[in-house]
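Descriptive structure summary
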Amino acid sequence: MLLLIGAPVYLLVARLIITYLRGGMRDFLFALLNVPPFFFVFRHHPSAGLTYFMLVLLCYAAFLIFAGTDGWKPWIAFSVPIAALIFSRYIFPQVYLAFTKLSVIGVFGMPQFYGFSYLAFRNSLLVLEIRNGLVKKPGFWGYLGYSFFLPTMLVGPINPYSNFSRAFGDEPPAIPIGRSALRILIGFVKYEFLGSILNRLSYDGLLRDDHFHPWIDLPVAGLFYYLYLYCNFSGFCDIAIGSAGLIGIPVAENFQEPFSSRNMREFWNRWHITLSQWMRDVVFSPLSKALARRMGPENTNHSLVLTITVVFLLIGIWHGTGLNYAVFGLLQALGVVTCHYYTIFLKRRLGRDGFKAYNSNPWIRGLARTTTFCYFAATLFFFANTFPQMQEIFSLLK
């Protein structure tokens, strides 16, 4: 009941603030609208909420001092959010667990709070956008409004400040209200209805019941977990994007028909797009250039493979601290690297015209899409289960 009343009021007030106010007063009221609900979410865990807020202030202090300066100093401001994430997740995990184990009264009763990772990536990217001259440095209230923006706080997307700030410019983007409302409805159906049904046949719903199962149940659970994860994650992103659209704030897309991907390289341009773009801009581009210079032009392909491996290992461990997440990341790297070398082989073997004909063949396209779908579904076994859980599942198969 509180959500049904509070959400429309929040969206309406936020819309009025952005539409009719200008300058510092708008930034102040928008931050004031977003920060208090955050503390309400943490009302049963005030120490965790205060810790989170203090980390944001620490990030802002580094941002205020070093962002926009010359030389190497902006990298201090860039590193502080990432260092805070690493410290809380790996060095002092009690802090991170305080967030991820909260019973949050969030959107549709979402049981976990993942915003800390998204905060770190958003705010570090803001430093680079300022360094590259894409945006102007926001003030304190603008920084808080961006950091605590409720629709994208729980599970993203990682909306760049350059996109977010368009709503506060002289010519804000025109986002149709009807389309945004429909986006929320679609997201709700995917997240709450389809996701709940599909989860009943995934690893949790089908295999972890202390009963023996035939082996066929393992690929069935893997298939439905993939579908569940898509509906759950993309559904929540639809709700976030639609809610932000009702306010008038554009949010970057996070999914673009991933099931139609014909290889793993294309898949990661369609799945969790904002994370892929962050890794591309922050890790892949500078690392690949550095390795290419060190290893020489004759080893360009191998330097790219090494960079791909590093990127996807980071993507894996970004999702969690268990060894299973690192394995998941390495399997993504294996898929992308295989695609890389296979493409080189085909171009050399078939030539330009033959390679073009190969790509346009509908049978090959269908087989490639099916293979990509099945490969990613299989790798999610390591994403969905810890190694003790994998052992438990295998012990119940007959």
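Residues numbered from 1 in each chain as written. Predicted model: local features only at pLDDT ≥ 70, side-chain atom pairs only at ≥ 80, totals over all residues. Heavy atoms only, no water.

**Structural notes on the overall build of the protein**
As a reminder, the rule being used: Secondary structure elements are defined from DSSP: runs of H or I of at least 4 residues count as helices, runs of E of at least 2 residues count as strands, and each element is numbered from the N terminus. Two things to know: the radius of gyration comes from C-alpha atoms, and the globule rule equals 2.2 Å times the number of residues to the power 0.38. Accessibility here uses a 1.4 Å probe with only protein chains present; expressed as a share of the type maximum, an area under 20% marks a residue as buried, one over 50% as exposed, and anything in between as partly exposed. Note on contacts: a residue pair qualifies if any of its non-hydrogen atoms lie within 4.5 Å across the two residues. Every accessible area reported is derived by Shrake-Rupley at a probe size of 1.4 Å, with residue values counting cover from the shown protein chains alone. Charged-residue counts in this description rest on Lys and Arg as positive and Asp and Glu as negative, His and the chain ends being excluded. Where a charge lies is defined by one atom per residue type: Lys uses NZ, Arg uses CZ, Asp uses CG and Glu uses CD.
If you tally the helices and strands in the protein, you get 17 helices and zero strands. Here the C-alpha radius of gyration of the protein, 22 Å, is about what a compact globule of 398 residues would show, namely 21 Å. Seen through its principal axes, the protein has C-alpha atoms that stretch 60 × 55 × 45 Å. Looking at the protein residue by residue over its 398 residues, the buried ones come to 48%. Pairs at least 24 apart in sequence give 71% of the contacts found in the protein among residues at least 6 apart. As displayed, the protein has an accessible area near 19800 Å², and 67% of this comes from carbon and sulfur atoms. In the protein, 32 side chains carry a positive charge and 18 a negative one; their mean positions are 6 Å apart.

**Some thoughts on the confidence of the model for the protein**
We apply this condition: What pLDDT expresses is the predictor's confidence in each residue, scored from 0 to 100.
Of the residues in the protein, 92% reach a pLDDT of 70 or more, and the chain-wide mean stands at 88. The model gives residues 98–113 a pLDDT under 50, and that stretch makes 41 contacts with residues more than four places away or in other chains.

**Quick notes on the packing of aromatic side chains**
Definition in use: Working definition: rings of Phe, Tyr and Trp (its six-membered ring) pair if their centres are within 6.5 Å, and the pair is stacked with planes under 30 degrees apart, edge-to-face with planes over 60 apart, and tilted otherwise. Each ring is checked for a lysine NZ or an arginine CZ that lies within 6 Å of its centre and within 35 degrees of its normal; such an atom marks a charge sitting over the ring.
A complete count under the given rule lists 52 aromatic pairs for this structure. Ring centres of phenylalanine 164 and phenylalanine 168 lie 5.3 Å apart, and the angle between their planes is 35°; this geometry places the pair in the tilted category. There is no split in this pair, since phenylalanine 164 and phenylalanine 168 are both buried. Of note, lysine 137 hangs over the ring of phenylalanine 63, and the distance from its end group to the ring centre comes to 5.6 Å.

**So, the side chain of arginine 270**
What counts is decided by this rule: Counting of polar contacts relies on pairs of N or O atoms within 3.5 Å, with two restrictions inside protein: one atom must be capable of donating a hydrogen and the other of accepting it, and residues adjacent in sequence are counted only when both atoms are side-chain atoms.
Positionally, arginine 270 belongs in the loop between helix 12 (264–267) and helix 13 (273–295). The class of arginine 270 is buried, set by a relative accessible area of 19%. One polar contact links arginine 270 to glutamate 266, side chain to side chain, over a distance of 3.0 Å. Those residues in contact with arginine 270, other than ones at most four positions away along the chain, are Asn254, Phe255, Gln256, Glu257, Pro258, Ser260 and Ser261.

**Quick notes on the nonpolar core**
Put simply, the rule reads: Residues grouped as a nonpolar core are buried Ala, Val, Leu, Ile, Met, Phe, Trp, Tyr and Cys residues, joined through side-chain atoms within 4.5 Å.
Among the nonpolar cores identified, the biggest contains 105 residues, and Phe121, Ile249, Trp268 and Trp278 are the most heavily contacted of them. Sorting elements by how many residues they give to this core places helix 11 (residues 217–247) first, with 16 residues. When neighbours within four sequence positions are excluded, isoleucine 249 is seen to be in contact with Ile18, Phe30, Phe149, Phe164, Ala167, Phe168, Ile175 and Ala244.

**Remarks on a nonpolar patch on the surface**
Rules: Residues form patches when they are more than 30% accessible in relative terms and have no salt bridge. Like charges link within 9 Å. Nonpolar side chains (Val, Leu, Ile, Met, Phe, Trp, Tyr) link within 5 Å. Salt bridges are defined by distance alone: a side-chain nitrogen of Lys or Arg within 4 Å of a carboxyl oxygen of Asp or Glu.
On the surface, a nonpolar cluster with roughly 680 Å² of combined accessible area is contributed by Leu182, Leu185, Ile186, Phe188, Val189, Phe193, Leu194 and Ile197. Within the secondary structure layout, valine 189 lies in helix 9 (residues 177–199). Overall, the relative accessible area of 34% leaves valine 189 in the partly exposed class.

**Digging into the pattern of salt bridges**
In this structure the tally under the stated criterion is six salt bridges. Arginine 183 is paired through a salt bridge with glutamate 253; the nearest N and O atoms lie 2.6 Å apart. Of this pair, arginine 183 sits in helix 9 while glutamate 253 sits in the loop between helix 11 and helix 12, and the two are 70 residues apart along the sequence. Judged by its relative accessible area of 22%, arginine 183 falls in the partly exposed class. Judged by relative accessible area, which is 36%, glutamate 253 ranks as partly exposed.

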